[in-house]
Amino acid sequence: MTDKPSVLFVCVHNAGRSQMAAAWLRHLAGDTVEVRSAGSAPADQINPAAVDAMREVGIDITDQTPARLTRETAEASDVIITMGCGDACPVFPGRRYEDWKLTDPAGQPLDVVRQVRDDIRTRVVELLASLERTR
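Here's a quick rundown of the structure.

**Side note on the nonpolar core**
- If you look at the biggest cluster of nonpolar residues, it comprises 32 residues, and the most contacted ones within it are V7, F9, L25 and W100.
- Elements supplying a minimum of two residues to this core: β1 (6-11), α1 (17-29), α2 (48-56), β3 (79-82) and α4 (110-134).
- Those residues in contact with W100 that sit more than four places away from it in its chain are F9, A21, I81, T82, M83, G84, R123, V124 and L127.
- If you look at the next biggest cluster of nonpolar residues, it comprises 7 residues, including L8, V10, A38 and I80.

**A short note on the packing of α1 against α4**
- Packing of α1 against α4 brings their axes to within 9 Å, and their N-to-C directions diverge by 50 degrees. In terms of axis orientation, α1 runs oblique to α4. Between α1 and α4 lies a crossing whose hand is right-handed. Side by side, α1 and α4 meet where R17, M20, A21, W24, L25, L28 and A29 of the first sit next to V113, V116, R117, I120, R121, V124, V125 and L128 of the second.
- Of the residues in the contact of α1 with α4, the class split is 12 nonpolar, no polar and 3 charged.

**A short note on unusual backbone geometry**
- Even without glycine at this site, N14 takes up a positive phi of about 50 degrees.
- Locating N14 in the fold gives a position in the loop between β1 and α1.
- Judged by relative accessible area, which is 0%, N14 ranks as buried.

**Remarks on the packing of aromatic side chains**
- Using the criterion set out here, one finds 1 aromatic pair in the structure.
- Between F9 and W100 the ring centres are 5.8 Å apart and the planes differ by 55 degrees, which places this aromatic pair in the tilted class. Here F9, found in strand β1, pairs with W100, found in the loop between β4 (96-99) and α4; they are 91 residues apart in sequence, far enough to count as distant. This pair shows no difference in class: F9 is buried, exactly as W100 is.
- Residue placement shows R121 over the ring face of W24; its charged tip is 5.3 Å from the ring centre.

Definitions and limits used
Residues numbered from 1 in each chain as written. Predicted model: local features only at pLDDT ≥ 70, side-chain atom pairs only at ≥ 80, totals over all residues. Heavy atoms only, no water. Core = buried A, V, L, I, M, F, W, Y, C linked by side-chain atoms within 4.5 Å. Buried < 20%, exposed > 50% of the residue type's maximum accessible area, 1.4 Å probe, protein only. Helix = DSSP H or I, 4+ residues; strand = E, 2+ residues; numbered from the N terminus. Contact = heavy atoms within 4.5 Å. Axes fitted to C-alpha atoms, helices over the stretch in contact; angles between N-to-C directions. Parallel < 35°, antiparallel > 145°, perpendicular 65-115°, else oblique. Left-handed = near helix turned anticlockwise from the far one by under 90°. Nonpolar A, V, L, I, M, F, W, Y, C, P; charged D, E, K, R; others polar. Phe/Tyr/Trp six-rings, centres within 6.5 Å; stacked < 30°, edge-to-face > 60°. Lys NZ or Arg CZ within 6 Å of the ring centre and 35° of its normal.

Read these as geometric descriptors, not functional statements.
This is how it looks when you write it as structure tokens:
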């Protein structure tokens, strides 16, 4: 891993969980980590409930757009965090993988999305600490 590790967050639609995780890591790590997110079947837009939940904690994700997971993006990442994409997420040798079991916020009320947001924040804090230990 380089001095500036790269992390890729992947979920199916790249509209909720992976976008919130990427936003938390950007917010908490600043420019010390290269942050990417993608989906195996990206949606047309970010989940509005995810936007609202992140806005509540002072993080704006309205400028983000769901992106398709590509081989190049995965190969360029040191750490790949999957969130419910199952077999649609490719595995590349030499990469660190984690699979975060998280509720899919799609179609959920804001109270549930807040819980997902807070769970993701806790996991991102732990991820960031582990990245700092391996530098």
